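Inside the fold
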Amino acid sequence: MHAKDILIDGFSRIQEEVHATVEGLAPDDLHARPGPDANSIAWLVWHLTRVQDDHIADAFGLDQVWLTQDFRKAFGLDLPPDDIGYGHTSAQVGKVRVDSGDLLTGYYDAVHAQTLSALRELAAKDLERVVDERWDPPVTLAVRLVSVLSDDLQHVGQAAYVRGLLQSA
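Here is a short report on the structure shown in this document. (Residues numbered from 1 in each chain as written. Predicted model: local features only at pLDDT ≥ 70, side-chain atom pairs only at ≥ 80, totals over all residues. Heavy atoms only, no water.)

Helices and strands together make up the secondary structure of the protein chain, namely 8 helices and 2 strands. Going residue by residue from the N terminus, the α and β elements of the protein chain occur as α-α-α-α-α-α-α-β-β-α. Each of the three principal axes of the protein chain carries a C-alpha extent, and together these read 50 × 35 × 30 Å. Here the protein chain holds 169 residues, and the buried ones make up 46% of them. For the protein chain, the exposed area adds up to about 8800 Å²; of that, 51% sits on carbon and sulfur atoms. (Helix = DSSP H or I, 4+ residues; strand = E, 2+ residues; numbered from the N terminus. Buried < 20%, exposed > 50% of the residue type's maximum accessible area, 1.4 Å probe, protein only. Areas by Shrake-Rupley, 256 points an atom, 1.4 Å probe, with all protein chains shown as cover.)

Topologically, Val-143 is positioned in helix H8 (residues 141–168). Sequence separation between Val-143 and Pro-80 is 63 residues; the distance between their C-alpha atoms is 27 Å.

Bringing the packing of aromatic side chains into the picture now. For the structure shown, the criterion picks out 5 aromatic pairs. Centroid distance Trp-66 to Phe-75: 5.3 Å. Interplanar angle 50 degrees. Geometry classified as tilted. An identical accessibility class is assigned to Trp-66 and Phe-75; each is buried. Centre to centre, the rings of Trp-66 and Tyr-107 are 5.2 Å apart; their planes meet at 50 degrees, and the pair counts as tilted. In this pair, Trp-66 is assigned in helix H4 (residues 65–68) and Tyr-107 in helix H7 (residues 101–120), connecting sequence segments 41 residues apart. The class for Trp-66 is buried, based on a relative accessible area of 3%. Within the aromatic cluster, the residues linked to one another by ring pairs are Trp-46, Trp-66, Phe-71, Phe-75 and Tyr-107. (Phe/Tyr/Trp six-rings, centres within 6.5 Å; stacked < 30°, edge-to-face > 60°.)

Okay, helix H1 (residues 3–22) next. The terminal C-alpha atoms of H1 lie 29 Å apart, and with 20 residues this matches the ideal 28 Å at 1.5 Å per residue to within 8%. Every buried residue of H1 is listed here: Leu-7, Ile-8, Gly-10, Phe-11, Ser-12, Ile-14, Val-18, His-19, Thr-21 and Val-22. Turning to H1, the residues buried within the fold contact helix H2 (27–31), helix H3 (41–60), H7 and H8. One or two residues past the end of H1 sits Gly-24, with phi positive at roughly 85 degrees. (Expected span 1.5 Å × (residues − 1). Contact = heavy atoms within 4.5 Å.)

Attention now goes to the packing of H1 against H8. Following both chains from N to C, one finds H1 and H8 inclined at 20 degrees, their axes separated by 10 Å at the closest point. Overall, the two elements H1 and H8 adopt an arrangement that is roughly parallel. Every pair of crossing elements has a handedness; the one defined by H1 and H8 is left-handed. When H1 is examined against H8, the residues Leu-7, Gly-10, Phe-11, Ile-14, Glu-17, Val-18, Ala-20, Thr-21 and Val-22 are found in contact with a partner set consisting of Leu-145, Val-148, Leu-149, Asp-152, Leu-153, Val-156, Ala-159, Ala-160 and Arg-163. (Axes fitted to C-alpha atoms, helices over the stretch in contact; angles between N-to-C directions. Parallel < 35°, antiparallel > 145°, perpendicular 65-115°, else oblique. Left-handed = near helix turned anticlockwise from the far one by under 90°.)

We now examine H8. In an α-helix there are 3.6 residues to a turn, and that puts residues three or four apart on one side. Between the first and last C-alpha of H8 there are 41 Å, a value that for 28 residues agrees with the 40 Å anticipated at 1.5 Å per step. What H8 keeps buried is the set Leu-141, Arg-144, Leu-145, Val-148, Leu-149, Asp-151, Asp-152, His-155, Val-156, Ala-159, Val-162 and Arg-163. Those residues of H8 that are buried lie in contact with H1, H3, H7, strand S1 (130–132) and strand S2 (139–140).

Our next topic: the side chain of Thr-115. Examined against the element boundaries, Thr-115 turns out to sit in helix H7. Leaving out residues up to four positions away in the same chain, Thr-115 has contacts with Phe-11, Gln-52 and Ile-56.

Following Asp-136, the chain continues into Pro-137 via a peptide bond in cis, with omega recorded as 5 degrees. Of note in the backbone geometry, Asp-70 takes a positive phi value of approximately 60 degrees without being a glycine. Residue placement: Asp-70 occurs in the loop between H4 and helix H5 (71–75). Overall, Asp-70 belongs to the partly exposed group, its relative accessible area being 48%.

Without other data, these values stay purely geometric and don't point to any function.
This is the structure:
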């Protein structure tokens, strides 16, 4: 098995968990927050998708799906176009609202498709390419991809936990 196959498997697991977490939930459930400053399922899935979209596009020299496929317009959020959710206040978390989970999964699926397309073209040597020199040591493509995987898996796990809280209430 090649490294790109492991990465493809990892990102595909995120997609499976996004769908399992979101499907069948009403808007009130998607926006429920287990505490006054907690994140909702809608925000968590939006954020993990924005992170993947932003970071993969940057690492591979691609345009963000958020902008090219009009998801920014479809979501209609009162946030800057480059906002991915880092450092959001409780009020900003509350602004991320959707009419249905289909918009969340649709956006994730489009980002996932772009991610897989980029990963399928990877050669082993590509993983050593530096994609961010602002860090010491500089961040390679391999490190960036694992970082996105880790971040997304944590957030989809958090969203699944919130879903579990809702179902047990």
